[in-house]
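Remarks on the overall topology
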Amino acid sequence: MLKKILIIEDEHSIATLLSYNLVQAGYETIIANDGKEGFEKALTEKPSLILLDLMLPSMDGVEVCKSLRQQKVQTPIIMLTAKDDEFDKVLGLELGADDYMTKPFSPREVVARVKAVLRRTDQTSIAQTDSSAPLTFGSLKVFPEQFEVYLGEEQIEFTPKEFELLVYLMENKNRVLTRDQLLSAVWKYDFAGDTRIVDVHISHLREKIEENSRKPLYIKTIRGLGYKFEEPKAG
């Protein structure tokens, strides 16, 4: 069965070009021309990946991304933005986007990025299937095969990329990991050294698993180096 890509883009020429190149690469595509339509199709069509423009009529890309994550839809999202603006990138990632691309971009570049994100998603699914033992540290328990995280008795929701990053940190506990190492291990392709992506995701993890994100017990910042996952000391 062909993997389905949902393109939410209001510029007809761009949507058509993206669709043509993705179909040529072996994907099925669906096009939505505004945010509201795109949001509804994301819920009903259950695509494998969403290409989401930032500036959309009726409901902008930020709101679409935020609303999908609130609905527990964890489909990978690549945000498309016409602005080479750090705020837009960080905001999209904070809301749960898995990647972003800045216009103008070549269709070949988009297809390559779609393949990379889907490949990571598939590899994560395989790893989760192959691993049955939970990872437990303090009151934090992660079930890789079930894509579930519990803090005490409470289940915590994560995006696929947040989950992958958390598992990687836990599997490398007590080891200092640089931002470049995390980029390579979790994102698995060149992000042009944009380590801000790592910082955003670490911040998001802390908000979800730490009692006080400003004084983290699990994910420690090692100044000048990177991050280290530690098990909280008893008492």
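First, a word on scope: everything that follows refers to the structure included in this document. (Residues numbered from 1 in each chain as written. Predicted model: local features only at pLDDT ≥ 70, side-chain atom pairs only at ≥ 80, totals over all residues. Heavy atoms only, no water.)

Take helix H2 (residues 35–45) next. Looking only at H2, the buried set comprises Gly35, Gly38, Phe39 and Ala42. Projected onto a plane normal to the axis of H2, the buried residues spread over an arc of 100° and lie on a single side. Lining the buried residues of H2 we find strand S1 (4–8), strand S2 (28–32), strand S3 (49–53) and helix H3 (61–70). For H2, the N-terminal cap is Asp34; the gap from its side-chain oxygen to the backbone nitrogen of Lys36 is 3.1 Å. The first or second residue beyond H2 is Lys46, which carries a positive phi of 50°. (Buried < 20%, exposed > 50% of the residue type's maximum accessible area, 1.4 Å probe, protein only. Helix = DSSP H or I, 4+ residues; strand = E, 2+ residues; numbered from the N terminus. Arc of directions from axis to C-beta. Contact = heavy atoms within 4.5 Å. Polar contact = N/O pair within 3.5 Å; in protein donor to acceptor, adjacent residues only side chain to side chain.)

A few words now on the sheet that holds strand S9 (residues 154–156). The 4 strands are arranged S6-S7-S8-S9 in an open sheet whose pairing can be described as antiparallel. Each edge of the open sheet carries a strand with a single partner, namely strand S6 (135–137) and S9. When strand polarity is set aside, the average angle formed by the axes of neighbouring strands in this sheet is 20°. Looking at chain direction, strand S7 (residues 140–143) and strand S8 (residues 148–151) are connected through 4 bridges and run antiparallel. Across the sheet, residue Phe143 finds its bridge partner in S8, namely Glu148. Its contacts with the sheet place helix H6 (residues 160–171) against S6, S7 and S8, and it is angled at close to 115° to S7. (Pairing = 2+ DSSP bridges. Axes fitted to C-alpha atoms, helices over the stretch in contact; angles between N-to-C directions.)

Its location among the elements puts Leu217 in the loop between helix H8 (196–209) and strand S11 (219–222). What makes Leu217 partly exposed here is its relative accessible area of 46%. Sequence separation of Leu217 and Arg206 is 11 residues, and the distance between their C-alpha atoms is 9.2 Å. Residues contacting Leu217, with those up to four places away along its chain left out, are Glu210, Glu230 and Pro232.

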